[in-house]
Amino acid sequence: MSPAAPLLEFQNLCFERNDLPLFEGIAGGVREGDILQISGANGAGKTTLLRVLTTALSPAAGSLCWRGRPLPRARTRYLTELAFLGHAPGLKLGLSPRENLRWLGGLFPQRHGAAETALAVLGLADWADAPCAQLSAGMLRRAALARLLLSGAALWILDEPLAAIDRDGVALVEQLFRAHLDSGGAIIFSSHQQLALPGVKYLELAA
Amino acid sequence: MARSGAFWQRLHRWASPPGFYRLSGRWVPWLAAASLALLALGLVWGLLYAPPDARQGNSYRIIYLHVPASFLALAGYYVMAVAGAIHLIWRVKLADMLMSAAAPLGAALTFLALFSGSLWGKPTWGTYWVWDARITSMLVLLFLYLGVMALRQAYASRETAGRACAVLALVGTVNIPIIYKSVDWWYSLHQPATIRLTAAPSMHPDMFKPLLVMIVAFYLFYAWVLILNTRAEILSRERRAAWVRELAEEDVT
Amino acid sequence: MPGPGAGFAALLRRDLLLAWRRRGEVANPLIFFAMITALIPLAVGPEPSLLARLAPGMVWIMALLGTLLAADTLFREDFLDGALEFLVLSPQPLWLLVLARVVAHWLVTGVPITLLSPLLAALLALPGSGLPALVAGLGLGTLAFSLLGAVGGALTVALGGGNVLRPLLVLPLYVPVLIFGTAAVARAAAGGESAGALALLGAITALALLVSPFAAAAALRVGIDG
């Protein structure tokens with residue numbers, strides 16, 4: 001496969017709320033090694049657009065293709081290669097990070113036996129068995145990021161991955177992003193912050 | 001092939017809100033005239049000229065309202081569910097507008113069926129409310145309607161509300177026959193063989209003919225009001241569209 | 001890639017583990033169930049013949065309210081902490097994941113309520129001959145309640161006022177279950193045959209098992225967008 005094969009492509013996306021378009025005519029895409037940042041004012045529909053890109057919501061008009069095949073028909077294939085992280089970390093507070101990764105492993109493909117390293121890379125080795133209720137918001141977010149490392153997914157779609165993360169955390173996220181892009185992955189994320197990464201493409205949503 | 005292409009094109013035009021609005025505008029006067037004429041005929045015939053019943057005297061005449069209303073109450077739920085399914089599967093916006101117009105109309109007819117049933121209960125059983133099988137099923141049906149209407153109210157996004165209501169209406173559709181059968185079963189368990197509202201074993205043709213007229217009249221009336229409701233819904237949702245503005249300007253000048 | 005059963009097993013395991021960690025909270029519907037039952041003789045009087053007549057219906061209504069109370073945890077928590085997005089975006093079939101949530105809910109609420117019911121029926125002076133039909137009926141019926149409750153829970157998952165709305169949507173669907181369940185107990189308590197009513201109840205539960213996971217999955221895909 002050529003290194004520049006398009007992963008996700010989307011055209012003319014439109015999403016309506018109460019019969020008014022929240023956004024329309026949105027087009028773009030990512031190839032292997034691409035990183036795309038969605039920006040725009042609050043309420044411009046960043047989260048909605050990201051959820052449309054994951055197929056959690058379906059657009060009023062427009063088309064999405066995964067590796068050249070139209071969605072939602074190629075959906076199952078797409079979802080096995082996608083890792084999504086939303087506003088909320090999606091971890092059960094009554095379970096430890098390790099237990100959370102374990103139940104997520106039943107729902108998504110996961111690299112075997114890599115949980116230990118993933119938690120260590122994110123600085124959670126000492127907290128792997130503590131209930132998530134005892135973790136700070138930033139640590140929770142790191143635990144959620146551990147899932148990305150484990151997933152081996154080609155495309156990461158992340159909604160505000162930098163929220164609640166300290167400066168060390170931001171550097172860590174940049175490092176994770178770089179490694180993912182270098183290994184041929186792609187990233188679509190929303191944030192108000194600028195990342196210190198080369199080659200970030202932007203998609204600005206008008207309010 | 002060409003014929004079927006033309007068919008789909010025409011269907012598509014009807015299913016677009018402005019297309020339906022124009023087309024239905026032509027139906028409305030006819031439906032209105034036909035349903036009002038038949039309603040008048042059926043009421044006069046049923047209430048004044050049909051013979052009194054041997055056991056129930058004149059009180060049976062409430063069936064001329066009750067029976068058509070309960071037919072339509074049930075049929076209305078299916079109209080709503082089918083419209084919901086069309087909206088859910090093919091994403092036809094018009095179907096959602098029809099569905100949201102059908103819910104309050106069906107609920108009103110269900111209420112009419114309940115109300116007329118309880119009026120009939122007073123002379124027959126000596127009380128306004130009896131847990132008769134049919135009336136109980138109607139009450140559950142009213143709750144099903146109220147659920148759909150409450151769900152639509154609860155959502156801030158109209159798109160989500162429409163699809164959520166469609167799912168609920170479809171689940172209700174699967175359940176309605178089971179609910180009706182189970183209530184019948186329950187009734188036979190508790191109250192064997194009393195007079196039932198609709199189980200007149202050998203209805204005299206002179207009583208039956210006006211009932212038929214009333215049933216047809218109610219169907220036409222339902223179609224008329226449903227279309228009026230849908231047209232109002234179309235205008236309110238498409239109020240920003242160019243064709244509605246043109247329409248409004250035509251009216252003003 | 002984990003097989004289709006893996007998601008079901010993982011979710012069931014997760015929910016049972018969570019329920020075990022907060023067993024106090026899980027016991028609340030049971031306590032509610034017991035307390036309300038104890039209020040009935042105080043409200044209608046302690047006369048055993050009257051209580052025995054009311055018992056089948058009362059125990060069933062209490063069981064219904066108990067499962068309804070607990071149905072709030074079905075999807076709402078997963079929605080609030082973001083885990084629901086993982087369920088919806090899993091390559092595993094969503095209806096199977098929904099079924100895992102429902103089975104967990106039933107094991108944690110319906111089954112304990114069923115096991116507790118003979119005790120409460122005895123407090124209400126239900127004749128002993130009605131107990132097998134009560135336990136068998138509640139075992140099936142609470143599963144049907146959980147399945148139907150999942151549809152209501154999925155439809156209201158993103159709504160703040162879902163607590164009040166959900167029962168409105170779900171209660172009419174509970175009617176057949178309630179009718180056959182109470183009839184089975186009443187017949188058995190009167191010394192009659194309850195197999196027919198239980199068979200009908202079983203048929204309804206089987207139908208709910210076939211339809212509800214798909215309906216709830218469709219509802220979740222819609223309802224996740226408030």
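Everything discussed here concerns the structure shown above.
Residues numbered from 1 in each chain as written. Chains lettered and ligands numbered in written order. Predicted model: local features only at pLDDT ≥ 70, side-chain atom pairs only at ≥ 80, totals over all residues. Heavy atoms only, no water.

### Some remarks on the overall build of chain B
To keep it simple, the criterion reads: A run of DSSP states H or I qualifies as a helix once it reaches four residues; a run of E qualifies as a strand once it reaches two. Both are numbered from the N-terminal end. Only protein chains enter the accessibility calculation, which uses a 1.4 Å probe; a residue whose area is less than 20% of its type maximum is buried, one above 50% is exposed, and one in between is partly exposed. The criterion used for residue contact is that any of the two residues' heavy atoms lie within 4.5 Å. Computed with a 1.4 Å probe, the accessible areas rest on the Shrake-Rupley method; for each residue, only the protein chains presented here act as cover. The charge count includes Lys and Arg as positive and Asp and Glu as negative, but it does not include His or the ends of the chains. We put the charge of a Lys on NZ, of an Arg on CZ, of an Asp on CG and of a Glu on CD.
Scanning chain B from N- to C-terminus turns up eight helices and zero strands. Secondary structure of chain B in N-to-C order comes out as α-α-α-α-α-α-α-α. Residues counted as buried form 46% of the 253 residues belonging to chain B. Sequence separation of at least 24 residues holds for 78% of the intrachain contacts in chain B that already meet a minimum separation of 6. When the accessible surface of chain B is summed, it comes to about 12,700 Å², and 68% of that surface belongs to carbon and sulfur atoms. Chain B carries 22 positive and 12 negative side-chain charges, and their two centres are separated by 4 Å.

### Here we look at a negative patch on the surface
Heads up, the rule is: The residues that make up patches have over 30% relative accessible area and no salt bridge, and they are joined within 9 Å when like-charged or within 5 Å when they are Val, Leu, Ile, Met, Phe, Trp or Tyr. One speaks of a salt bridge when a side-chain nitrogen belonging to Lys or Arg is within 4 Å of a carboxyl oxygen belonging to Asp or Glu.
On the surface, a cluster of negative charge is contributed by Glu246, Glu249, Glu250 and Asp251 of chain B. Of note, Glu249 of chain B is situated in helix α8 (residues 242-252).

### Examining the side chain of Thr55 of chain A
Inclusion rule: N or O atoms closer than or at 3.5 Å make up a polar contact, with two conditions inside protein: a donor-capable atom paired with an acceptor-capable one, and, for residues adjacent in sequence, both atoms drawn from side chains.
Mapped onto the elements, Thr55 of chain A comes out in the loop between α1 (46-53) and β4 (61-66). Within the local environment of Thr55 of chain A, its side chain forms a polar contact with the side chain of Arg75 of chain A, the two groups lying 3.0 Å apart. In contact with Thr55 of chain A, not counting residues within four places along its chain, are Leu71, Arg75, Tyr78 and Leu79 of chain A together with Leu89 of chain C.

### Some points on the interface of chain C and chain A
Keep this limit in mind: Classes in brief: Ala, Val, Leu, Ile, Met, Phe, Trp, Tyr, Cys and Pro nonpolar; Asp, Glu, Lys and Arg charged; the others, Gly included, polar.
Counting from both sides, the interface comprises 29 residues of chain C and, opposite them, 31 residues of chain A. Seen at the junction of chain C and chain A, the total is five salt bridges. For Arg21 of chain C, the salt bridge identified is with Glu99 of chain A, shortest N-O distance 2.7 Å. For the side of chain C that touches chain A, the secondary-structure elements that each account for two or more residues are α1 (4-21), α4 (76-80) and α5 (83-88) of chain C. A per-element tally of the side of chain C that touches chain A places α1 of chain C first, with nine residues. When its residues are assigned to classes, the side of chain C that touches chain A shows 16 nonpolar, four polar and nine charged.

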